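Listed here are the chains, written in short residue letters.
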Amino acid sequence: MRTNIQPRILWLCVGLTLCLASSAQAGLNVWTSEGPVGGDAAALVADPLNPLTLYAATEVGVFKSTDGGGSWQSANHGLIDTEVLDLAIDPQTPTTLYAATAMAGVFKSTDGGASWQQSNQGLSENGPPNPDVKMLAIDPQNPSTLYVGRRYAGLFKSSDGGASWSPINTAWGELTEIDALAIDPQNPSTVYVGALPSFTGISEVFKSTDGGGSWTSIRLGPAGGRISDLAVDPQNAGTVYLGTSQTIIVPVGLYKTTDGGAEWHPIGEELPKGIVTLAIDPQTPSTVYAGFKFSSYSDPPGLFRSLDGGASWSQIDSGPARVDTTALLIDPQTPATIYAGRLGAGIYKTQDGGTLWSATNDGFTNAQVEALAIDPTIPTTVYAGTAAGVFKSLDEGRHWSPANRGLDNLRVQTLDMDPTSPETLYVGSDGGIYKSLDGGDAWTFYGDGLAAQRVLAMAIDPQQPTTLYAGTINLAGVGADVHKSVDGGQSWTPVNNGIPFVSNWINALAIDPETPSTVYAGTLRGVYKSVDGAASWQQFSSGLTDEPDRARVLDLAIDPENPSTLYAGLTDSHGAGAVYKSTDGGASWFEINGGLVDITAVETLALDPKDSNRLWIGTTDDARVYGQVAVYVSHNGGERWFPVIGGGLFDTTVRALAIDPATPSSIYAGTLGRGVLDYRSVFQQPDLYLQNGRFHVRVDWRDFVGLRGTGKVAFVSEETEEGAVLESQDSAVVQFFEPNNWEMVVKVLDGRAINDRFWVYLASATDVEFTATVTDTRCGSVQIYTNPLGMAAPALTDTLAFEDCADPQPPGCITDEDTFCFGEDHRFQVDIAWRDFEGATGVGGEVSVPRAGLAKSSDSGLFTFFENDNWELLVKVLDGCAINGNYWFFAAAATDVEFTLTVTDTTDGSVQTYTNPLGQAASAITDTGAFASCP
C-alpha cells in the first residue's frame, strides 16, 4: 500500500566518477552514518510465502528484514536513485520485486533485493525524460502484468514483467498526476485509479474493466478532496474504500462503495481528516485500518480500526502520538500482525491487532534530524532532535538511545543547551517548548503563553541564560511571533513590535554574545534587528538579495570574535539558495556564493569555534541536479566555498550542523533521511611540492554537474592510520572527490643526467575536466596540462618539461619525517632535535590527533618528542610585517629535556636557533624580530 508522500526529484547519475559507490567508512575526511534509528517508510511489502521477510521503501533506498522487522539491512545495490516511493512484490515468485523511484523510474530485482536493474523501456519515451514513478501495482494472478503511476505523465502498463511499458492515458491525457492505484484481486482486469487530470484540476476516480484498455470516470461528486489511497476488498468484488487528503476548501474524509464505484458513501465522519493510507484484513475484510496525517492537537493520533466494514471506528495506539501514519502492512498469514510506518519514527509492529505496539527499527537508519547539540564539557555527548523526539549518544554518535520521557515523541524543530549548564536543555517542537534539567532523561512542558504554537527557532542569552527567545508559528499556519521568557522558559510573552504580520515564520534567532540586548530574527521577509532586548524591531535587510522583502532567511550566525559580522543562509523568491554576509551589524549585506552550485536553500550555518573564518553550511539540493553536495565549507569567511564530498553525502537536505568544540575539525550533520553523519576532517592543502619543494603542482577540476574544486594530496583514510599522506620525493597521488577515490598519479623526475631536463608524468583514472599546473619555483617556468570533460584522460609523458636555470631561487620548505613547514607557501622550515636524561636523542614529531589529523595550522604546530599523547612543544611563526617589518617566532615548551629549535626562512636562507639545556624548565620564546625579510 503506497502513500502520498511527495517525491524529491533527482537526476540520473552522469559521469564515471560520480557513479562510484559512496558507502561511508569510518575514518578521516569521510561522512559516516550510524543512526539514530527511525525515519520514514513510504511503503511496506511482505513475502506472501514467508511473511517474516519484509521490505520498506524509504528516501534512502530499500531496507530488508528477514526476521519480521527484528532487524533491517540496506538493499540498494544497483539503485542509482535511492528515493524509493513504492514497492511491489511478485506474489508467485516473491524473490522478484519492483521499486518505484522519484526520478529514475522502475527498478527490478530477481534476487530478493540483493541487486536491482533499471526497467524503464517505454517510460522515458512517453513523457518527461527522467521517469518519476510514484506508485506500482502488480496483477496477483498474472504477475508479469504491472501498472505504474507517474507524476504528471499518467498511467503506464507492462505485460512482460517490466521489460517494456506503454501509456494507457486515454481517459485523461498525459499531464495527469496519479495519486492512487489499486487492482481488484478477484478480477485483476478491473483497475481503479485516483487521478488529478490537468484539464479539470479536480480529483476523480477512474475505473477500467479491461486492464486499462478503456476507462470510466466515477467521480465522488462535489464533496471530493484529493484522493490519497484506494483499497479493494479481497473477497467482495465491487467493495472499495477511498481516502482523501486534507484541503482547506473541499470537505475530505473516507468513502466506501459496494457497487464498484457507481455510488460512494462517506463513512467514519468522526475520524480525523487527511487520510494517508488504508489496509484491509485479507482474511476478515470487514476489518479495515486507516492511517491519518496529523493535522492538529485537537485531533487524536493517526491510526484507526473498524471491525464492521467502516460503520464504526476506534482509535488504536501505534506508537508515537502526533505522527503521520505513512504505510500499513498486514501479515497475509497472521493478520493480527500489522506493521505501521510512522513519519520520522520508523516502523512499529503489533501482534494483537493493534492493542500493543512496539518499535522495530534496529538497523532502520533513515531518521529525519532537525537539530543537533554537543555538550561542550563532554563533547562525546551529542543530542539529535528528530521527527520522533530526542535521541542521545554518549560515544560521538556511534550509538543512540531515545531521550523522550515526558516529550511524547514530538517532532523536534530546535534543540538548545544552556551555555552555563549543559544538563539543561530546551526543545522547540510542534507542541511548544519542553525543558530538561538532567541531560534529556526527563522533559517538562514549559510552554505557558505558547499555546498551539509550533516553535521553529530558539536563542539563549549567553550572559543571562534564564532569558530566552522563541520564534513560532501558529499550528494553523496563520500568524507568527517572537516570544521572550525571563524565567527560564516558565512563562512567555510575545515581543513583535516592528515585525509585520506578513513576515510570518520566525525561522532563526541569534543573540550578540557581547551585547545580548541585540537580537536578530530571520523571517520570510528578511532580517529584523532589536537593540533593546526585543522590545522593538527594525528591518535590516538592505542588500539581502535583489528582493529583500522576499528573502526567506533560514538561519543566522554571528562571529563571536567580531559580533558586527553576521552570516545569513536563505532561499530567495526564485528558489535559489545563497549565503549573505554583513560586517556592520546587519545594516548592509553582500552575497558570498563563490563556489556554490545549484543550491536551492541554505538551511543551516556553523562557525568553527576556534577559527571564525571557517564556516560550514548545510543545504537543500537542487531537485534538477543529481549528485548535489549537501555541505560546503569556507576557510576564509565565505570568500570561497568548497564541497565536502567525502563518503558521498549527496542528494539530501542538511538541516543541522554541530561542530565539536574540543576538536573543531569534527563536525556532525543532521539530515532529512540519513540520520546524523559524522565527518572527521583533515584540512588538506591543495598544494603539493615535489623534488625537495622545487616543483609546485596544483590540479583544478570540474565535473559533469558543474561542481569545481582543487585536487588534494590523497592519504590513507582509515582512522587507525592517522591520515598518512601518499607522497614521496618525486611522486604523489591526488584525489578530487573522496579520500578512497584516487584520481591521479603525478611525478616530477630529475632527468638532467640524460637530457638536462626535469620530466613530468601524469596518469589519470578519471573523465572529468582538469587542469594540472606545474611550476618550477626556482626558475619561475610553468607547464599546464589539461583534459576536457567527458574524455578518458590519456597518460602523459613530458620529458622536455623544464630546463634548469642559471640563477635558481632557494627552494621552499617541504615537510618530511623530520622537517615541518609553516607560513605562506611553506616559507619557514622548523627542525627540532632533543636529548633526554638517559642520553637518548631524537627529533620532534608533529602531534597526530586521531579525530582531527595532524595538529598544525598555517602558522602554528604542536609537537611531541616521545609519545603521541604526550605533547611537548607549541611553535608559531606570525607575519608581523605590517607592525615592525619582521616575521615573529614564538614557542612554548612543557618539558625540561634538552632541545634545539632551528627555524629557516627558505626565501633568503636566514636561520634562527633556540636552545634549552637539559634539566631546565623551558622558558617561553617570544622573538618579534626573528626574520627581517618582509617583502
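What you see is a predicted model; the values in this text were computed from it and never measured.

Of regular secondary structure, the protein chain possesses two helices and 80 strands. Partitioning the intrachain contacts of the protein chain with sequence separation of at least 6 by distance along the chain shows that 50% fall at a separation of at least 24. Put simply, the protein chain shows about 34,700 Å² of open surface, and 50% of that area lies on carbon and sulfur atoms.

Here Ser 612 lies in strand S53 (residues 611-621). Among the polar contacts made by the side chain of Ser 612, one reaches the side chain of Glu 561 at a distance of 3.4 Å. The residues touching Ser 612, leaving out its near neighbours within four places in the chain, are Asp 559, Pro 560, Glu 561, Tyr 567 and Leu 607.

The strand order S48-S49-S50-S51 describes an open sheet built from four strands, whose pairing is antiparallel. Edge positions in the sheet fall to strand S48 (552-558) and strand S51 (590-591), since each of these pairs with one other strand and no more.

Residues other than glycine seldom take positive phi values, yet Ala 534 does so here, at roughly 75°. Along the polypeptide, Ala 534 turns up in the loop between strand S46 (526-530) and strand S47 (538-539). The phi torsion at Thr 545 lies on the positive side, around 70°, for a residue other than glycine. Following the sequence through the fold, Thr 545 ends up in the loop between S47 and S48. Judged by its relative accessible area of 10%, Thr 545 falls in the buried class.

What follows covers the pattern of salt bridges. Oppositely charged side chains can form a pair if their charged atoms are brought close together. For the structure on display, the rule yields 16 salt bridges. For Arg 150, the salt bridge is made with Asp 132, and the minimal N-O distance between the two is 3.7 Å. Of this pair, Arg 150 sits in strand S12 (residues 146-150) while Asp 132 sits in the loop between strand S10 (117-118) and strand S11 (133-138), and the two are 18 residues apart along the sequence. With a closest N to O distance of 3.9 Å, Arg 614 and Asp 611 form a salt bridge.

Using the criterion set out here, one finds 17 aromatic pairs in the structure. Pairwise contacts between aromatic rings join Trp 834, Phe 865, Phe 866 and Phe 899 into one cluster. Between the NZ or CZ atom of Lys 747 and the centre of the ring of Tyr 761, over which it lies, the distance is 5.1 Å.

The next point concerns the nonpolar core. Soluble globular proteins tend to pack their nonpolar side chains together in the buried interior. One finds Val 579, Ile 617, Tyr 632, Trp 641, Phe 736 and Val 774 to be the most contacted residues of the largest nonpolar core, which totals 41 residues. Beyond its immediate stretch of four places on either side in the chain, Ile 617 contacts Val 579, Leu 596, Val 602, Thr 604, Leu 605, Ala 630, Val 631, Tyr 632, Trp 641 and Leu 657. Residues Val 830, Ile 832, Val 875 and Val 903 belong to the second largest nonpolar core, which totals 22 residues.

Counted according to the given criterion, the structure contains two disulfides. The disulfide partner of Cys 779 is Cys 805, and the gap between their sulfur atoms is 1.8 Å. The disulfide joining Cys 779 to Cys 805 has a torsion of about -80° about its S-S bond and is therefore left-handed. Here Cys 779, found in the loop between strand S66 (769-776) and strand S67 (782-787), pairs with Cys 805, found in the loop between strand S68 (796-803) and strand S69 (819-822); they are 26 residues apart in sequence, far enough to count as distant. For Cys 779, a relative accessible area of 25% corresponds to the partly exposed category. Residue Cys 881 pairs covalently with Cys 934 via a disulfide, S to S 1.9 Å.

When the pLDDT values of the protein chain are averaged, the result is 83; 83% of them are 70 or greater. Taken together, the stretch residues 1-26 has pLDDT below 50 and engages in 100 contacts with residues farther than four places along the chain or on a different chain.

Here we take up the pairing of strand S25 (residues 303-306). Put simply, side chains in a regular strand alternate between the two faces of the sheet. Of the two faces of S25, both are covered, the one formed by Leu 303 and Arg 305 as well as the one formed by Phe 304 and Ser 306. Where strand S24 (residues 288-292) meets S25, four bridges bridge the pair, whose relative direction is antiparallel. Within S25, the position partnered with Gly 291 by the bridge is Leu 303. The sheet contact formed by S25 and strand S26 (residues 314-315) spans two bridges and is antiparallel. Considered in S26, the bridge of Phe 304 is made with Gln 315.

Quick notes on the rules
Residues numbered from 1 in each chain as written. Predicted model: local features only at pLDDT ≥ 70, side-chain atom pairs only at ≥ 80, totals over all residues. Heavy atoms only, no water. Helix = DSSP H or I, 4+ residues; strand = E, 2+ residues; numbered from the N terminus. Contact = heavy atoms within 4.5 Å. Areas by Shrake-Rupley, 256 points an atom, 1.4 Å probe, with all protein chains shown as cover. Polar contact = N/O pair within 3.5 Å; in protein donor to acceptor, adjacent residues only side chain to side chain. Pairing = 2+ DSSP bridges. Buried < 20%, exposed > 50% of the residue type's maximum accessible area, 1.4 Å probe, protein only. Salt bridge = Lys/Arg side-chain N within 4 Å of Asp/Glu carboxyl O. Phe/Tyr/Trp six-rings, centres within 6.5 Å; stacked < 30°, edge-to-face > 60°. Lys NZ or Arg CZ within 6 Å of the ring centre and 35° of its normal. Core = buried A, V, L, I, M, F, W, Y, C linked by side-chain atoms within 4.5 Å. Disulfide = S-S within 2.5 Å. pLDDT = per-residue confidence, 0-100.

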